[in-house]
Amino acid sequence: MATGPEPSLRLTLEEFAAFLADVRRLGFTLLGPTLVQGDFVHREIAGVADLPRGVGMVQEAGTFRLVPRGDEALFGYPVGQPSWKPVFFPPERLLWTGRRTGRGWEIRLPPEDREPVALLGVRPCDLAALEVLDRIFLHGPYVDPYYQAQRNTALVVAVNCTVPGGTCFCASLGTGPRAAAGFDVALTEMLTGDGHWFLAEAGSDRGRRLLSELPGRPARPEEEAAASQALAQAAGHMGRSLKTAGLKEDLYARYEHRHWAEVAARCLTCGNCAMVCPTCFCHLVEDSLNLTGDRAERRRIQDVCFTVAHSYIHGGSVRSTPRARYRQWLTHKLATWQDQFGCLDCVGCGRCITWCPVGIDLTAEVTALRVPETPGPAGPEERHDQAGASAG
Ligand code: SF4
Ligand code: SF4
């Protein structure tokens, strides 16, 4: 990746369409946001005509709805439910197959994914989420070759957010609404008096080469200023925020806070929050054998820490209550993760808030946990945990 400020390009809608055509001509499978049954889904697209047009999205805790914008914007909505995680960390992956031979077992590894994919519309928070996943799958002691192969071939076209959602809080975490790194090309969509255009910035040599082949002209200072202003306005209109100073220390100090039980009384332990989260990567590994005993396989399957089974260890679950499981999820993301990886495991996308069926709100729960407790009798879940059922 290149460093330093890049000269930006002004692309008309037609030039943006030419850019997408170039990406496909280079052999990339172009994945972009599409609308399927009232929600956004990342699928292969042929070009601009496949992108939703004039669609906005209202998000609040436990709810979202699509709304017409009354214009031609192609990216005029905040981050939707699907993240890009499944491209690199699919919900299920075959790890190996085994065949019994006369002398034992022959083990075969499946081929790595090397399909060149171009991701169109990666929001800044999702760029930050991919960086978090890179720490796990690329920069730790064990590299995941499947993740690595797909990551190396992917072209990333980011789209900055000029329309934040009601549950977004990336501005307070420094992960948006403008992409800082981790992209090949970053776009800011603008609808102004002089038309529908994009400010395009290169973030890598590959991105620079792509942009250099386009007919768009260099952006004028006033056009760059207009895009910067739109992004600054978006940062100022985020629906939520999270104060990160002292967050880890505060959560460690509130490990027995009564509010954990209050959240647990609402939490369905459905795991939606972890499933939509772009950084959660809990999984289980399943081995299976055919009936004749001569074929076996091992699969990695996405899991969530909200199930009792996820923390089952030699005869019991160490996090048997919803209180323990929610506490584990939240403190791992915002506190213990900092000790493990030196960063938060949250990028402020707000998905866990919007897609929680009962509207449990990470930012609001942290605010409540930061309020010092007044002494009182323990609730039933607290007594249960205090009896030694939870190590979460
Ligand atoms: S916090 Fe919400 S989404 Fe997460 S497990 Fe509980 S009910 Fe489900
Ligand atoms: S914890 Fe919630 S807000 Fe943070 S990255 Fe995950 S889904 Fe987004």
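Cut-offs applied
Residues numbered from 1 in each chain as written. Chains lettered and ligands numbered in written order. Predicted model: local features only at pLDDT ≥ 70, side-chain atom pairs only at ≥ 80, totals over all residues. Heavy atoms only, no water. Helix = DSSP H or I, 4+ residues; strand = E, 2+ residues; numbered from the N terminus. Buried < 20%, exposed > 50% of the residue type's maximum accessible area, 1.4 Å probe, protein only. Near = heavy atom within 4 Å. Nonpolar A, V, L, I, M, F, W, Y, C, P; charged D, E, K, R; others polar. Salt bridge = Lys/Arg side-chain N within 4 Å of Asp/Glu carboxyl O. Arc of directions from axis to C-beta. Domains from an automatic or database assignment. Contact = heavy atoms within 4.5 Å. Buried area = accessible area lost by both parts, 1.4 Å probe. Polar contact = N/O pair within 3.5 Å; in protein donor to acceptor, adjacent residues only side chain to side chain. Phe/Tyr/Trp six-rings, centres within 6.5 Å; stacked < 30°, edge-to-face > 60°. Lys NZ or Arg CZ within 6 Å of the ring centre and 35° of its normal.

Our next topic: unusual backbone geometry. Omega for the peptide link from Gly176 to Pro177 comes to 0 degrees, which places this bond in the cis form. One can find Pro177 in the loop between helix H5 (170-173) and strand E10 (185-192). Its identity as a non-glycine residue notwithstanding, Thr269 has a phi of 50 degrees, on the positive side. Mapping Thr269 onto the fold places it in the loop between helix H9 (259-266) and helix H10 (272-276). For Thr269, a relative accessible area of 22% gives the class partly exposed.

A separate point is the site of ligand 1. Close to ligand 1 lie 13 residues; Cys267, Leu268, Cys270, Cys273 and Cys356 are nearest. Residue composition of the shell around ligand 1, by class: 10 nonpolar, three polar and no charged.

Before going further, it helps to spend a moment on the pattern of salt bridges. Pairing between side chains becomes possible if they bear opposite charge and their charged atoms approach one another. Taken as a whole, this structure holds 27 salt bridges when the rule is applied. Between Arg208 and Asp205 there is a salt bridge, with the nearest N and O atoms lying 2.4 Å from each other. Here Asp205 and Arg208 lie together in helix H6 (residues 205-212), a separation of three residues that amounts to about one turn. Classification of Arg208 by relative accessible area gives partly exposed; the value is 29%. Across the salt bridge formed by Glu262 and Arg266, the nearest N and O atoms sit 2.9 Å from each other. One end of the pair is Glu262 and the other is Arg266, both in helix H9 and four residues apart, which spans about a single turn. Under the relative-accessibility criterion, Glu262 is labelled partly exposed at 37%. One salt-bridge network, held together by shared partners, links Arg10, Asp194, Arg217, Arg220 and Glu223.

It is worth spelling out H6 at this point. Listing the buried residues of H6 in full gives Gly207, Leu210 and Leu211. Within H6, the buried residues cover an arc of 95 degrees as seen down the axis, which keeps them to one side. Among the exposed residues of H6, those pointing more than 90 degrees away from its buried face are Arg209 and Ser212.

On to the domain arrangement of the chain. Split into domains, the chain comes out as domain 1 (9-236) and domain 2 (247-389). Using only C-alpha atoms to locate each centre, domain 1 and domain 2 end up separated by 28 Å. Facing the 43 residues of domain 1 at the interface are 41 residues of domain 2. Buried surface at the junction of domain 1 and domain 2, both sides included, amounts to about 3,500 Å², of which 61% is carbon and sulfur. Three residues stand out in domain 1 for area buried against domain 2, namely Phe89, Trp96 and Phe169, and they jointly supply 16% of the buried area on that side. The interface formed by domain 1 and domain 2 includes three salt bridges. Across the pair Arg300 and Asp144 runs a salt bridge, and its minimum N-O distance is 2.8 Å. Between the two partners, domain 1 and domain 2, sit 25 residue pairs in polar contact (both at pLDDT 80 or more). Looking at the side of domain 1 that touches domain 2, the elements that each hand over two or more residues are strand E4 (55-60), strand E5 (63-68), strand E6 (92-101), helix H3 (124-137) and H5. Looking at side-chain class alone, the side of domain 1 that touches domain 2 contains 23 nonpolar, 10 polar and 10 charged residues.

Here we take up the packing of aromatic side chains. Scanning all chains against the criterion turns up 15 aromatic pairs. Here Trp337 and Phe341 contribute two aromatic rings whose centre-to-centre distance is 4.5 Å and whose plane-to-plane angle is 40 degrees, an arrangement assigned as tilted. With Trp337 and Phe341 both in helix H11 (residues 322-341) and four residues apart, this pair spans about one turn of that helix. Taken together, the ring pairs in this structure connect Phe88, Phe89, Phe137, Tyr147, Phe281, Trp337 and Phe341 into an aromatic cluster. In this arrangement the basic side chain of Arg151 is found over the ring face of Phe88, its NZ or CZ atom lying 5.5 Å from the centre.

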